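# Tertiary structure, described
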Amino acid sequence: MKKIFALTLSCLLLLGFSSCDISDDDTANFHYETLEITGADLPEYFEYGKMYNIEFTYLRPTDCHIYDGFEFNPTGETERTIFAIAAVVERADCKDLTAIEGTDNFDFEVRYRDPYTFKFYVGEDEDGEKEYLTYEVPVQEAGEE
């Protein structure tokens, strides 16, 4: 009886492993790209210790670009770089979306008293250098004007 059970189990396992064949047809047909950020809504100044919601807008160049979030990188004590990310479906029939903007936001807590610099990625220039929309926001103590 044990031999029949072991033989049956072996056959099922062999069948199960053979059905997990990964072929080229199963590969993902997309890649990731950064999107152009066109603007951001930041306050005139921050109050030390407070939380702020910062909204930004980005462009989707084609309907194959699917917004997939953003990357928020501290590049210094009070400097932040923000990139909008898209998953790009690799299709031949993508339609241009020259005027389609999307928005996203993030919460930001003011932890330092020095001015904050936000750099929102807009793309690259003709020399391949990264370009940014740059906003500098001073920090004030609560109640200070």
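Reference entry: report on the structure contained in this document. Each chain has its residues counted from 1, following the order in which its sequence is written. Per-residue local features are limited, in this predicted model, to residues with pLDDT of at least 70; the limit for side-chain atom pairs, both in listing and counting, is 80 or more; totals at the level of whole chains, interfaces and linings are taken over all residues. For side-chain calculations, the full set of non-hydrogen atoms in the structure is used, while hydrogens and water are omitted.

## Side note on the sheet that holds strand β4 (residues 51-59)
Inclusion rule: Strand pairing requires that DSSP identify at least two bridges connecting the strands. Runs of H or I in DSSP of at least four residues are treated as helices and runs of E of at least two as strands, each being numbered from the N terminus. Axis definition: a line fitted to C-alpha atoms, over the contacting stretch in the case of helices. Angles run 0 to 180 degrees between N-to-C directions.
Reading across the sheet, the three strands line up as β2-β4-β7 and stay open at both edges, with antiparallel pairing between neighbours. The sheet is open, and its two edges are formed by β2 (37-41) and β7 (101-109), each paired on a single side. Each adjacent strand pair in this sheet contributes to an overall mean axis angle of 20°, direction not counted.

## Some remarks on the state of the cysteines
Defined simply, a disulfide is a covalent bond joining two cysteines at their sulfur atoms. Filter applied, for reference: Cysteine sulfur atoms that come within 2.5 Å of each other are treated as a disulfide pair. Three labels apply to residues, based on accessible area from a 1.4 Å probe with only protein chains included: buried if under 20% of the type maximum, exposed if over 50%, partly exposed otherwise in between.
What the rule picks out here adds up to one disulfide. Shown here is the disulfide that connects Cys64 with Cys94, its sulfur atoms set 1.9 Å apart. The sign of the S-S torsion, about -95°, decides the handedness of the disulfide formed by Cys64 and Cys94: left-handed. You can see Cys64 sitting in the loop between β4 and β5 (65-74) and its partner Cys94 sitting in the loop between β6 (79-89) and β7, a full 30 residues away along the chain. When its relative accessible area of 0% is taken as the criterion, Cys64 is described as buried. In this structure Cys94 comes out as partly exposed when scored by relative accessible area, which is 28%.

## Brief notes about the environment of Val110
Inclusion rule: What makes two residues a contact is simply this: any of their non-hydrogen atoms within 4.5 Å.
Position of Val110 among the secondary structure elements: in the loop between β7 and β8 (116-124). Here Val110 falls in the buried class, since its relative accessible area comes to 1%. The spatial distance from the C-alpha of Val110 to the C-alpha of Val139 is 8.0 Å, given a sequence separation of 29 residues. For Val110, the residues in contact, after removing those within four places along its chain, are Phe46, Glu47, Tyr48, Gly49, Lys50, Tyr52, Tyr116 and Val139.

## What about the pairing of β8?
Judged from the four bridges that link them, β6 and β8 form a sheet pairing that is parallel. From the neighbouring strand, Glu79 faces β8, where its bridge partner is Thr117. Bridge analysis of β8 against strand β9 (residues 130-137) gives eight bridges, and the strand direction is antiparallel. Counterpart to Phe120 in the pairing with β9 is Leu133. Counting the residues between successive antiparallel strands, the hairpin from β8 to β9 contains five residues, one of them, Gly128, with a positive phi of roughly 85°.

Everything listed is a geometric property; what it means functionally is a separate question.
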